[in-house]
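Next come the chains, spelled out residue by residue.
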Amino acid sequence: MVRANKVKLVMEIMENILHDTSKPWTNFFGRVETRTGVPRLKLLIGILLVTSVILLVFGTNAMALSNAIGLIYPAKATVSLMISPPKRQNYAPAAAAAEAQNKKFTYWLTFCAVLIVEQYCGFVLFLFPWYLLLRTLFLICSENNVNDEFETIARETVDRIIEIIENESI
């Protein structure tokens, strides 16, 4: 509930800033709002999203932006997990902490695998114009665990790689 209140507060502040007549963008947003009927906050969000997509596809710092998106939130979540592990009602606290750690470790393994593949195959991957956008979306989806299938696929892939390495070393 606290987060929902904070989000509403931030949205109200943004709405007030967008309607402040002393700001230079008020006329622009006012004209666009009257012509389209779309509220100013939604216009701002749309402009930011379009700009982000353009920067991720064509920007000179697209790789740095993609790495930052793939690194910052998971790092914060991992640190908070290390400080206080989650507790669930239907699990023992230790089992809940182990499950949460496994999900974070799966993400970090995936993130490292993407970076290693790019190190060796990057010159080919960067020939595809939408690669960085797709990479960023992949990292966001894998971090948020859109479904548990990602974790299952990642674990199966890692298990296969470990089996191959063990068989070759014997």
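What you see is a predicted model; the values in this text were computed from it and never measured. (Residues numbered from 1 in each chain as written. Predicted model: local features only at pLDDT ≥ 70, side-chain atom pairs only at ≥ 80, totals over all residues. Heavy atoms only, no water.)

With that settled, the discussion passes to the side chain of arginine 135. Structurally, arginine 135 is set in helix α6 (residues 131-144). By relative accessible area, which is 4% here, arginine 135 ends up buried. Not counting residues within four places of it along the chain, the set of residues in contact with arginine 135 comprises Met63, Ser66, Asn67, Val114, Leu115 and Glu118. (Helix = DSSP H or I, 4+ residues; strand = E, 2+ residues; numbered from the N terminus. Buried < 20%, exposed > 50% of the residue type's maximum accessible area, 1.4 Å probe, protein only. Contact = heavy atoms within 4.5 Å.)

Before going further, it helps to examine the packing of helix α2 (residues 26-36) against helix α3 (residues 40-58). Between α2 and α3, the shortest axis-to-axis distance is 10 Å and the interhelical angle comes to 105°. Judged on the interaxial angle alone, α3 and α2 are roughly perpendicular. Of α3, the residues touching α2 (which contributes Thr26, Phe28, Phe29, Gly30, Val32, Glu33 and Thr36) are Arg40, Leu43, Leu44 and Ile47. Of the residues contributing to the contact of α2 with α3, the split by class is six nonpolar, three polar and two charged. (Axes fitted to C-alpha atoms, helices over the stretch in contact; angles between N-to-C directions. Parallel < 35°, antiparallel > 145°, perpendicular 65-115°, else oblique. Nonpolar A, V, L, I, M, F, W, Y, C, P; charged D, E, K, R; others polar.)

This part takes up the packing of aromatic side chains. This structure, assessed with the given rule, holds one aromatic pair. Aromatic side chains phenylalanine 28 and phenylalanine 29 sit 5.3 Å apart centroid to centroid with 70° between the ring planes, which places their arrangement in the edge-to-face category. Accessibility expressed as a relative area gives 7% for phenylalanine 29, which makes it buried. (Phe/Tyr/Trp six-rings, centres within 6.5 Å; stacked < 30°, edge-to-face > 60°.)

On to the pattern of salt bridges. For the structure shown, the criterion picks out two salt bridges. Between glutamate 33 and arginine 40 there is a salt bridge, and its shortest N-O distance comes to 2.7 Å. Exposure remark for glutamate 33: the relative accessible area of 23% places this residue in the partly exposed category. With a relative accessible area of 10%, arginine 40 lands in the buried category. A salt bridge links glutamate 118 to arginine 135; its shortest N-O distance comes to 2.4 Å. With a gap of 17 residues between them, glutamate 118 in helix α5 (residues 93-125) and arginine 135 in helix α6 connect regions that are remote in the sequence. With respect to class, glutamate 118 is no different from arginine 135; both count as buried. (Salt bridge = Lys/Arg side-chain N within 4 Å of Asp/Glu carboxyl O.)

What follows concerns a nonpolar patch on the surface. Together, Val53, Leu55, Leu65, Ile69, Trp130, Leu134, Leu137 and Ile140 give the surface a local cluster of nonpolar side chains, amounting to about 680 Å² of exposed area. Looking at the nonpolar patch, the elements that each hand over two or more residues are α3, α4 (62-83) and α6. It is α6 that contributes the most residues to the nonpolar patch, three residues altogether. Tracing the backbone through its elements, the reader meets leucine 55 in helix α3. (Patch = residues over 30% accessible without salt bridge, like charges linked within 9 Å, V, L, I, M, F, W, Y side chains within 5 Å. Areas by Shrake-Rupley, 256 points an atom, 1.4 Å probe, with all protein chains shown as cover.)

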